[in-house]
Amino acid sequence: MITPDSQRADTPVEAFSNLVGTRYEMYNSLFSSLPFHRVEKTGVLLSLLVLHCEEGYQRQLSPQEIIHSFFAQYTHYRTEQEQSDLLFRFVQYAERQVVLFDALEEAAFTDTHDMHGMGTLKQLSTIVLQEKAQEQMALKLQDFAVRMVLTAHPTQFYPSNVLGIINDLSQALAADNTSLAHSYLRQLGKTPFFKKEKPTPYEEAISLIWFLENVFYRAAGNVISYLTAQYPEAVRTGSKVIRMGFWPGGDRDGNPFVKAETTLQVADALRGAVIRAYYDDVRRLKRRLTFRGVEDKLRALETRLYNNLFVPGYKLDLKQEDILSALREISKLLRSEHNSLFLSQVETLITKVDLFGLFFASLDIRQDSSVHAHLYEELSARSKLLPEAYTELSDEEKIKALLRVDQGIEPELFADDELLQDTLRSVAAIQTIQEQNGEEGCHRYIISHCTTALNVMEAYTLFRLGGWQPEALSVDIVPLFETITDLGNAAAVMQELYKNQVYRSHLARRDNTQTIMLGFSDGTKDGGYLMANWSIYKAKEALTQCSREYGIEVIFFDGRGGPPARGGGKTQQFYASMGNNIANKEIQLTIQGQTVSSNFGSVNSARFNMEQLMHAGLRNALFDLQKSTLTPEEDQLLQELAEVSFEGYTELKNHPVFLEYLNFVSPLRYYGEANIGSRPSKRNSGQLNLDDLRAVPYVGAWSQLKQNLPGYYGVGLALEALHQKGKWPALQQLYKRSLFFKTLLDNCEMAMKKCFFPVTAYLADHPTYGPLWQLIQEEFERTKKYVLLLAGTETLMADKPLDELSINMRQRIELPLITIQQYALARIRSLEEQGPQQQGKQVYEKLVVRCSFGIINAERNSA
């Protein structure tokens, strides 16, 4: 720990101020003595720039005016080369300030968060004892799970080597080892933060496997060990209370670089990583279990794991049960012959092997429905399996035609279409992975942009084409509903599928369980913040009712990003707010981009956030279901809010210069050059339009612009409209009673807290973009006014002082980066107006991209 118990601050906020704020200033001063090539006193000048920015924005200066006056007032640099060189040094320095702050927050985590307090499993156990609900808890644990899926949507700008330094630096800071921390800071000074080339999908996977090995392996094991100790009969072998999922290497939606070969490579890497983790644990056990009879069995297990990892050509016949069987024998010997000495260490490893198998995380396959539709169009033209007039059939007739397909085809049938070949090969890859890593290694096929029952049956028939027999199909077909319209139609689509005897038979073989994915990101892009969240809530309600009517257990898989605009924010509160009208057997969600490192960057933070999710689902199911369910009057009130909000957002979205504005003033067009992910930022390479623009760059661009529009726009309009109708008392009551509604507005506050309109205030009088800027700024002020009125506070996030303090400190670190980026964008626009071949433009484009690294890392959940 950082400080002895007797010296700890009384409150988390005081602890944060001392252990993060004060120590940041101390280590930052140490940091400022580090050498940076060609520039002396970079840290001193950067500190002056921070103050100059704050004063400049108070005087309503533009970023260009602030930067120009800074150079004139504080430096002797007059040439463009000298000035851009210093700006790059500022960016390099600020990037490392962000890392220092991240590491300090991580090091202080157990001092700033109560690891046994509100929202933890320890607190839940206390409530269960008080309510005498041990039996209900044990029963629920047998039928509950949290599944966290690490996705291939990277907004994490740290390369893996920098993540390793952050991890080591946070440990040195926690131990108060100044000398070691200084060494790591010097290492940071010499370590590049950006990638010259885009990562491959395989490289993305390896980066996320780092978290599986170094964080989730230990954190999840610790959580299960705690539950096993508390409820030994409930958390039995094979229990799925926690499961990890994985998208890199399997998600081919819009990513032409993911191939079947990639999928197999990633599955092999996952298998290798988890065996390596077991091997390391067995090696540690050998130092303790030096007893007669035990030592030989442990050595034999170590040899087998070693051979699977390191001996080329060794037969990969290792099974999960082989490892468990050996460990159980060792456990039995320790009990019977060695007084259970070090038994707990063996039992912990058994828990991990039971949890992670030989797959570590289940690899999901995802493809867009349009690819499947195209495959069948081509198939009807190239074979007799489908009618020649297939494309002219109705959806109902197409489904009947698909169900008549009774044989497989070779991928070579589509020799001239690489995408269709790979689509078929991905089906064969699933079978290979299941043979090597077990069924859980890869057992879900997700259909993006699912709009009809036909889309699901196209995916189902794909497996028949790939050689699978229906009775042996050990894969779950998962439709993904994303747009407001598709969410509204979701229950009707599923009802049609439940009525289909072939698909119903498939579900019967899958334990009458249907997983349905709901996308927050595209929903918000399509319908705005309030309507997207309300549409998903109503879709879950309708899908739950429909599924229960047909005897199907529905499981919802939430596609959540980092920020509130993409379903992030205080996620656990959403799950705690669900009523008995929404299925709650499992909590499944994507963990994307920065959320991986910000919420699950260390073993302590990962365990804390896992427990928050589990606590939300378990407590709600045991005690709060009836309380959480909305009344008909509350339902109607939220519907009215959503409709007004949707109308306002749609009007904005249809503004003639809406996307043009975003492209003009934000770094949107440079997202692809950041080289943080293998996937293109647009689905098509043609002219920019909102449908093709992916949610990550869309939300991220608004975030770097410090306007965060997708996280609040339309909320103020909706609250104002109901206030004018005299419904404010009803809204106040809703805010007090409904955790769902309060969480919506809490996350809205978070999005607004990270806004800073002075940086773009120079646009207020722009002849083309001024009216739109003013429209957005007015809605920000309107939303802020009504949200604070409901909350009864004077400042945003007043009831979350720890988060508020962290955001304030981070905002100050990133202020120079925001200013430099806007200055660089202005210079680019100026040069482009002079002609297409102007010298110096590339320098400023590079500066824009480099600023993005620090800004997004400082934001923690910006995209």
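Chemist: Outline the overall build of the protein, supporting the account with residue identities and numerical values.
Modeler: Of the regular secondary structure elements, the protein holds 34 helices and nine strands. When the backbone C-alpha atoms are referred to their principal axes, the protein occupies close to 75 × 75 × 60 Å. Partitioning the intrachain contacts of the protein with sequence separation of at least 6 by distance along the chain shows that 80% fall at a separation of at least 24. As displayed, the protein offers around 34100 Å² of accessible surface, 48% of which is attributable to carbon and sulfur atoms. In the protein, which carries 90 positive and 105 negative side-chain charges, the distance between the mean positions of the two groups comes to 5 Å.

Chemist: Please set out the environment of Cys 851 residue by residue, giving values where relevant.
Modeler: Of note, Cys 851 is situated in helix α34 (residues 841-859). Once the C-alpha coordinates of Cys 851 and Ile 818 are considered, the two residues, 33 residues apart in sequence, prove to be 7.3 Å apart. Excluding residues within four positions of it along the chain, Cys 851 makes contact with Val 91, Leu 817, Ile 820 and Gln 821.

Chemist: Describe in detail the pattern of salt bridges, supporting the description with residues and values.
Modeler: The full count for this structure, using the stated rule, is 55 salt bridges. Residue Arg 299 pairs with Asp 296 through a salt bridge whose shortest N-O separation is 3.1 Å. Residue Arg 299 and its partner Asp 296 are both found in helix α12 (residues 294-310); the two are separated by three residues, about one turn of the helix. Across the pair Arg 669 and Glu 832 runs a salt bridge, and its minimum N-O distance is 3.1 Å.

Chemist: Break down the sheet that holds strand β2 (residues 242-246) for me, citing the residues and quoting the values.
Modeler: Taken in spatial order, the nine strands of this open sheet run β3-β2-β1-β9-β8-β7-β6-β5-β4, and their pairing is parallel. For this open sheet the edge positions go to β3 (362-363) and β4 (365-368), each flanked by a neighbour on one side alone. Strand direction decides the pairing type here: strand β1 (residues 145-150) and β2, joined by five bridges, are parallel. When the sheet's bridge partners are listed, Arg 147 is paired in β2 with Arg 243. Running over the sheet, helix α10 (residues 201-230) touches β1 and β2 and is turned about 175° from β2.

Chemist: Pulling in residues and values, what's your account of the environment of Pro 758?
Modeler: One can find Pro 758 in the loop between α31 (739-753) and α32 (770-791). Owing to a relative accessible area of 32%, Pro 758 belongs among the partly exposed residues under this scheme. Each C-alpha atom of the pair Pro 758 and Gln 58 lies 8.1 Å from the other, and the pair is 700 residues apart in sequence.

Chemist: So, the pairing of strand β7 (residues 513-519): which residues are in play, and what are the values?
Modeler: With seven of seven residues buried, β7 is to be regarded as a mostly interior element. Alternating positions in β7 separate into two faces, Thr 513, Thr 515, Met 517 and Gly 519 on one and Gln 514, Ile 516 and Leu 518 on the other, with burial throughout. Examined bridge by bridge, strand β6 (residues 476-481) and β7 share two bridges and lie parallel to one another. Considered in β7, the bridge of Leu 480 is made with Met 517. Where β7 lies against strand β8 (residues 553-559), seven bridges are found, and the strand directions are parallel.

Chemist: I'd love a proper account of the pairing of β4, names of residues and values included.
Modeler: Side chains of β4 alternate between two faces, with Ile 365 and Gln 367 and Arg 366 and Asp 368 buried alike. Relative to strand β5 (residues 444-448), β4 runs parallel, the two sharing four bridges. Residue pairing in the sheet places Gln 367 in a bridge with Ile 447 of β5.

Chemist: Which residues make up the packing of aromatic side chains, and what values go with them?
Modeler: All told, the structure shown has 34 aromatic pairs when counted by the stated rule. Ring plane angle 80° and centroid distance 6.2 Å describe the contact between Tyr 217 and Phe 360, whose orientation is recorded as edge-to-face. You can see Tyr 217 sitting in helix α10 and its partner Phe 360 sitting in the loop between α14 (343-356) and β3, a full 143 residues away along the chain. Looking at Phe 360, the relative accessible area reads 0%, which means it is buried.

Chemist: Lay out the environment of Ser 703 with the relevant residues and their values.
Modeler: Within the secondary structure, Ser 703 sits in helix α28 (residues 695-704). Taking relative accessible area as the criterion, Ser 703 reaches 1% and is therefore assigned buried. On a C-alpha basis, the gap between Ser 703 and Glu 859 in space is 8.5 Å, while along the polypeptide they are 156 residues apart.

Chemist: Outline the confidence of the model for the protein, supporting the account with residue identities and numerical values.
Modeler: Taken over all residues, the pLDDT of the protein has a mean of 90, while the share at 70 or more is 93%. Contacts for the low-pLDDT stretch residues 1-9, under 50 throughout, to residues beyond four places or in other chains number 18 contacts.

Chemist: So what's going on with the packing of helix α29 (residues 715-724) against α32? Which residues, and what values?
Modeler: Across the interface, α29 lies against α32 with an axial gap of 7 Å and an inter-helix angle of 55°. With respect to α32, the axis of α29 lies oblique. Judged by the sense of rotation from one axis to the other, the crossing of α29 with α32 is left-handed. Touching Val 715, Gly 716, Leu 717, Leu 719, Glu 720 and His 723 of α29 are Glu 779, Arg 782, Thr 783, Tyr 786, Val 787 and Leu 790, all from α32. Residue composition of the contact of α29 with α32, grouped by class: six nonpolar, three polar and three charged.

Chemist: A description of the packing of helix α21 (residues 520-527) against helix α26 (residues 632-653) should follow, citing residues and the corresponding values.
Modeler: Helix-helix packing is described using two parameters, namely the angle between the two axes and the distance between the axes. It is at 8 Å that the axes of α21 and α26 come closest, and there the two elements cross at 75°. What the angle tells us is that α21 and α26 run roughly perpendicular. Contact with α21, carried on its side by Thr 524, Lys 525, Asp 526 and Gly 527, involves Phe 646, Tyr 649 and Lys 653 of α26 and no other residues of that element. Its residues assigned to classes, the contact of α21 with α26 comprises two nonpolar, two polar and three charged.

Chemist: I'd like to hear about α31, residue by residue, with values.
Modeler: End to end, α31 covers 20 Å across 15 residues, agreeing with the expected 21 Å (1.5 Å per residue, within 8%). Summarising burial for α31: 13 of the 15 residues are buried, a large majority.

Chemist: Tell me about the state of the cysteines, and please be specific about residues and values.
Modeler: For the structure shown, the criterion picks out zero disulfides. We note that Cys 53 lacks a disulfide partner, and the nearest cysteine sulfur, in Cys 851, lies 11 Å from it. Left unpaired, Cys 546 is separated from the closest cysteine sulfur, that of Cys 450, by 14 Å.

The rules behind these values
- Residues numbered from 1 in each chain as written.
- Predicted model: local features only at pLDDT ≥ 70, side-chain atom pairs only at ≥ 80, totals over all residues.
- Heavy atoms only, no water.
- Helix = DSSP H or I, 4+ residues; strand = E, 2+ residues; numbered from the N terminus.
- Contact = heavy atoms within 4.5 Å.
- Areas by Shrake-Rupley, 256 points an atom, 1.4 Å probe, with all protein chains shown as cover.
- Lys, Arg positive; Asp, Glu negative; His and termini not counted.
- Charge placed at Lys NZ, Arg CZ, Asp CG, Glu CD.
- Salt bridge = Lys/Arg side-chain N within 4 Å of Asp/Glu carboxyl O.
- Pairing = 2+ DSSP bridges.
- Axes fitted to C-alpha atoms, helices over the stretch in contact; angles between N-to-C directions.
- Buried < 20%, exposed > 50% of the residue type's maximum accessible area, 1.4 Å probe, protein only.
- Phe/Tyr/Trp six-rings, centres within 6.5 Å; stacked < 30°, edge-to-face > 60°.
- pLDDT = per-residue confidence, 0-100.
- Parallel < 35°, antiparallel > 145°, perpendicular 65-115°, else oblique.
- Left-handed = near helix turned anticlockwise from the far one by under 90°.
- Nonpolar A, V, L, I, M, F, W, Y, C, P; charged D, E, K, R; others polar.
- Expected span 1.5 Å × (residues − 1).
- Disulfide = S-S within 2.5 Å.

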